[in-house]
Amino acid sequence: MPPASGTPVPLSPEEEAVMRALGRFLLVMPRALDADLMHEQRMSLSEYSVLRHLSETPGRLMRMSELAAACDMSLSGMTRLAAKLESLGYLKRIRCEEDARGANAVLTDDGLARLREAWPTHLDSVRRHIFDHLGELDLKKLAAAFSAMATD
């Protein structure tokens, strides 16, 4: 927080190093995880994310707009991705009972099986690219800090 005089306080060298490393991490990590899934499973990280989010919800069902938000995608992008996953038999889209204008995505048994097939590849990728580099860091504190930053 700037001092009362309004003069900003520069970042310390350590803070600057964290900021630059975090910025690089945010650019590089999704690409690395996506590349591993594409190479091993012929599945994008976005496709994996959709299947994972659906698998974690009651009834394996989410409103399309909520699924888009959970996957950090636009609704139009989610619609295109859902159409692809639907053509593969991994999800189906149904009308929302509460609001006939809306649609829900439902994970199919084939979609759950595909997620389970891809999961070991993703798990290995996450461990190799992230957790193998964290050493003795307190993971509970790190998770809490990331959560606090994401809700600021």
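Read on for an overview of the structure. Everything numeric here is computed off the predicted structure, so don't read it as measured data.

## A closer look at the side chain of Ser125
Okay, so step 1: Relative to the elements of secondary structure, Ser125 occurs in helix H5 (residues 109-129).
Okay, so step 2: Judged by its relative accessible area of 1%, Ser125 is buried.
Okay, so step 3: Beyond its immediate sequence surroundings of up to four residues, Ser125 is in contact with Ala32, Leu33, Asp36 and Ile130.

## Side note on the sheet that holds strand E1 (residues 61-63)
Okay, so step 1: Ordered by their spatial adjacency, three strands build an open sheet running E1-E3-E2, and the pairing between neighbours is antiparallel. The sheet is open, and its two borders are formed by E1 and strand E2 (91-95), each paired with just one other strand. For this sheet the average axis-to-axis angle between neighbouring strands, irrespective of direction, equals 30°.
Okay, so step 2: In this structure, E1 lies alongside strand E3 (residues 103-107), joined through three bridges in antiparallel fashion. Residue pairing in the sheet places Leu61 in a bridge with Val106 of E3.
Okay, so step 3: Along the sheet, helix H2 (residues 45-55) contacts E1, E2 and E3; its crossing angle with E3, the most-contacted strand, is approximately 90°.

## What about the packing of helix H1 (residues 13-41) against H5?
Think of two packed helices as two axes; the pair is described by the angle between the axes and how far apart they sit.
Okay, so step 1: It is the contact of H1 with H5, at a shortest axis distance of 9 Å, that shows an interaxial angle of 135°. One element, H1, and the other, H5, form an angle in the oblique class. Where H1 crosses over H5, the two elements pack in a sense that is right-handed. Here Met29, Ala32, Leu33, Asp36, Leu37, Glu40 and Gln41 of H1 come into contact with H5, specifically with Arg114, Glu117, Ala118, Thr121, His122, Ser125, Val126, Arg128 and His129.
Okay, so step 2: Each residue belonging to the contact of H1 with H5 can be placed in one class, and the counts come to six nonpolar, five polar and five charged.

Procedures and definitions
Residues numbered from 1 in each chain as written. Predicted model: local features only at pLDDT ≥ 70, side-chain atom pairs only at ≥ 80, totals over all residues. Heavy atoms only, no water. Helix = DSSP H or I, 4+ residues; strand = E, 2+ residues; numbered from the N terminus. Buried < 20%, exposed > 50% of the residue type's maximum accessible area, 1.4 Å probe, protein only. Contact = heavy atoms within 4.5 Å. Pairing = 2+ DSSP bridges. Axes fitted to C-alpha atoms, helices over the stretch in contact; angles between N-to-C directions. Parallel < 35°, antiparallel > 145°, perpendicular 65-115°, else oblique. Left-handed = near helix turned anticlockwise from the far one by under 90°. Nonpolar A, V, L, I, M, F, W, Y, C, P; charged D, E, K, R; others polar.

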